[in-house]
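Architecture at a glance
One-letter residues, chain by chain:
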Amino acid sequence: MEKLENIVACNLTYLRKQAKLTQLEFGEKFNYSDKTVSKWELGTLMPSVDVLKEIADFYNVSVDYILTEHKTQKEFESEIAKVVNPKEKIIFIALAVTIAWVIAAVIFAVGRISKEAAQDITKQIFYEKYWIAFLWAVPASFIIMAYFTRRFFKGSILPLSFLSCFIWTLLASIYTHITIFFNQSNYWFLFIVGVPIQALLLLLILRKKN
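Cut-offs and rules
- Residues numbered from 1 in each chain as written.
- Predicted model: local features only at pLDDT ≥ 70, side-chain atom pairs only at ≥ 80, totals over all residues.
- Heavy atoms only, no water.
- Helix = DSSP H or I, 4+ residues; strand = E, 2+ residues; numbered from the N terminus.
- Buried < 20%, exposed > 50% of the residue type's maximum accessible area, 1.4 Å probe, protein only.
- Contact = heavy atoms within 4.5 Å.
- pLDDT = per-residue confidence, 0-100.
- Patch = residues over 30% accessible without salt bridge, like charges linked within 9 Å, V, L, I, M, F, W, Y side chains within 5 Å.
- Areas by Shrake-Rupley, 256 points an atom, 1.4 Å probe, with all protein chains shown as cover.
- Salt bridge = Lys/Arg side-chain N within 4 Å of Asp/Glu carboxyl O.

1. What about the overall build of the chain?
Summing up its helical and strand segments, the chain has eleven helices and zero strands in all. When the elements of the chain are put in sequence order from the N terminus, they spell out α-α-α-α-α-α-α-α-α-α-α. For the chain, buried positions account for 34% of its 210 residues. Within the chain, contacts between residues separated by at least 24 positions form 65% of all contacts whose residues are at least 6 apart in sequence.

Encoded structure:
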């Protein structure tokens, strides 16, 4: 038997998606923020009886319908099961980020081994630069976090925040890569590209907060 919080979370998500509403649009109809709606659908917060009655009337169903598990909603269970376990989601994201750093470590190790095996001093210098894999792991980590937080924590500003960090660390990685491997340091103008993108992201973040 599912916990009542999880059943309500599943039913609220099902009804909202059937009505083709976002969490923000749904919350506005009842004067609640999308964050509150997200908590209802996470199962971390239960709407009061009065609110459940309003929601039931809005969807033209009974309160009992919202409080009861329905077999017809099995197609949503896998999705909701993910949503109602936010801690597991965080662990999953952490593992995904760890994979990016493991790949960076492998590339670095290959560089060190290749350097020891190389006889040519030019090749040794080239392989020694493989430490830059750790630098590329930083924007990779941010884009991974942006992608999964967008999927798992809808309505949050975290995806946009991580995307902002991704843009700047990506530009920094490109600049550093060009400087180290091509001995060119006059590509500072790359960072200008990030300014309008950052401005757009800030506008989106402010819009979500409001």
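That covers the picture; the talk isn't over yet.
2. Let's talk about the environment of Leu158
Note that Leu158 resides in helix H10 (residues 158-182). For Leu158, a relative accessible area of 38% corresponds to the partly exposed category.

3. Focus on the confidence of the model for the chain
Taken residue by residue, the chain gives an average pLDDT of 85. The fraction at 70 or more is 90%. Averaged pLDDT values for the elements of the chain fall to 49 in helix H6 (residues 74-83) and rise to 93 in helix H9 (residues 132-152). Residue range residues 75-80 is modelled with pLDDT below 50. Its contacts to residues more than four positions away, or to other chains, number ten contacts.

4. Quick notes on a nonpolar patch on the surface
Together, Tyr187, Trp188, Phe189 and Ile192 line one region of the surface with nonpolar side chains, adding up to about 430 Å² of accessible area. Structurally, Tyr187 is set in the loop between H10 and helix H11 (190-209).

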